[in-house]
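Here is what each chain is made of, one letter per residue.
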Amino acid sequence: MRTKLIVLAAILAVLTGAAMVMGAASGLERLYVLHCGQNIGKDQSRWSPGVNEGKAIEFSDNCYLIRHAKGLLLWDTGVPDAVATMPDGMVVANGAITYRRTTTLAAQLTALGVKPADVTYVAVSHTHGDHVGNIAQFPSSTILIQGAEYDWAMTQPTKPAFAATQNIEKVAGDRDVFGDGSVTILSTPGHTPGHQSLLVLLPKTGALVLSGDAVHFRDNWEQRRVPSMNFNRDQTLASLQRIATVLAEHKGQLWINHDKPQSDQLKYAPQYYE
Ligand SMILES: [Zn+2]
């Protein structure tokens, strides 16, 4: 009898542990994918040295809104909403990239019934213009950014336009955003000095890693290719290995933000992932 009880207790402990690993015991509710721009690159080899030189490439650009019992987290803010009114888009990087927008981030949040003041956290993968374009739209949100990224961004000719009222929380390394392990910022430097990615453990969909720009498209992921403009090549490769390890550990999917063929397969808001 006593042995049976001990066995039962052991089984229960294992089951409880499994439930926590699966995220079932977390407050994570849903994830929305939002349209946050299209980037047209004049020459793909800017991102894949020696490969497809002179060939144009189109990138998707997404933002992700995560609803947790403890608040809303917006991951990245995309290209500026003002680009939606520019018929020829906005040309950046000395003509290498053109940003376009078919719909604004503001309109998509409104359609979901979300006001900027409802967004508890805005976390940015890094400070390039196609990720921080709308950061000032959330004046009362806490900004989660790596300290290394913030400090570096402030030395750049074009600085992110933070709102003066924003609470900027400089993260050092990984961060469990809601304290239950369901949404974790992963430090993945290399593309920029303080680049970060996001591990999301959804109750039904399972584990996802939102890449940021740790990698730009599937072929570069498979070939472990590093864009020549990246801040640090060795850090980039170490970060890709780290993401691969995390994916294996959680049997997760990698959602590569700028990979258009992959994004074309995703459900966009108002649909969502649970
Ligand atoms: Zn980007």
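Note on numbering: residues in each chain are counted from 1, in written sequence order. Confidence filtering applies because this is a predicted model: local features only for residues at pLDDT of at least 70, side-chain atom pairs given and counted only at 80 or more, and all residues used for totals across whole chains, interfaces and linings. Here the side-chain values reflect all heavy atoms present in the structure, with hydrogen atoms and water set aside.

(A) Spatial organisation of the side chain of H216. By definition, any uninterrupted DSSP run of H or I lasting at least four residues is a helix, any uninterrupted run of E lasting at least two residues is a strand, and each is numbered from the N terminus. Here H216 is to be found in the loop between β12 (206-210) and α4 (218-223). Burial status follows relative accessibility: with a 1.4 Å probe on protein chains alone, a residue under 20% of its type maximum counts as buried, one over 50% as exposed, and anything between as partly exposed. Here H216 falls in the buried class, since its relative accessible area comes to 2%. Whether two residues touch is decided by their heavy atoms; if any such pair falls within 4.5 Å, the residues are in contact. Setting aside chain neighbours within four positions, we find H216 in contact with W47, F59, H191, P227, I256, H258 and D259.

(B) View of the coordination of the zinc ion. Within the protein, the atoms that donate to the zinc ion are D130 (OD), H131 (NE2), D213 (OD) and H258 (NE2), at distances of 2.1 to 2.3 Å. In this analysis a donor is any N, O or S atom within 2.8 Å of a metal ion (3.2 Å for sodium, potassium and calcium), and since water is not included, sites may seem incomplete. In these descriptions, tetrahedral denotes four donors with every angle between 85 and 135 degrees, square planar four donors and octahedral six donors with opposite donors over 155 degrees apart and the rest between 65 and 115, and irregular any other case. Coordination at the zinc ion is irregular: its four donor atoms span angles of 89 to 166° at the metal. Counting gaps between the donor residues of the zinc ion yields the pattern D-H-x81-D-x44-H. With a gap of 83 residues between them, D130 in the loop between β6 (119-123) and β7 (142-146) and D213 in the loop between β12 and α4 connect regions that are remote in the sequence. Look at D130 and you get buried, because its relative accessible area is 7%. A relative accessible area of 3% means that D213 is categorised as buried.

(C) Expanded view of the nonpolar core. For the purposes of this section, nonpolar cores are sets of buried Ala, Val, Leu, Ile, Met, Phe, Trp, Tyr and Cys residues that join through side-chain atoms within 4.5 Å. Ranked by internal contacts, the top residues of the largest apolar core, which has 24 residues, are L31, L198, V200 and W255. For this core, the secondary structure elements donating two or more residues are β1 (28-41), β2 (57-68), β3 (71-75), β6, β10 (183-187), β11 (196-202) and β12. The next biggest cluster of nonpolar side chains, apart from the first, holds 20 residues, and it includes L74, V124, I145 and F162.

(D) Quick look at the sheet that holds strand β4 (residues 90-92). Strand order in the open sheet formed by eight strands is β4-β5-β1-β2-β3-β6-β7-β8, with mixed pairing between adjacent strands. Each edge of the sheet is formed by a strand with only one pairing partner; in this case those strands are β4 and β8 (167-171). Strand after strand, the sheet turns through a mean of 25° between neighbouring axes, direction not considered. Bridge analysis of β3 against β6 gives four bridges, and the strand direction is parallel. Each bridged residue has a counterpart across the sheet, and for L74 the counterpart in β6 is V122. Criterion used throughout: strands pair if DSSP finds at least two bridges between them. Angles run from 0 to 180 degrees between N-to-C directions of axes, and those axes are lines fitted to C-alpha atoms, restricted for helices to the stretch in contact.

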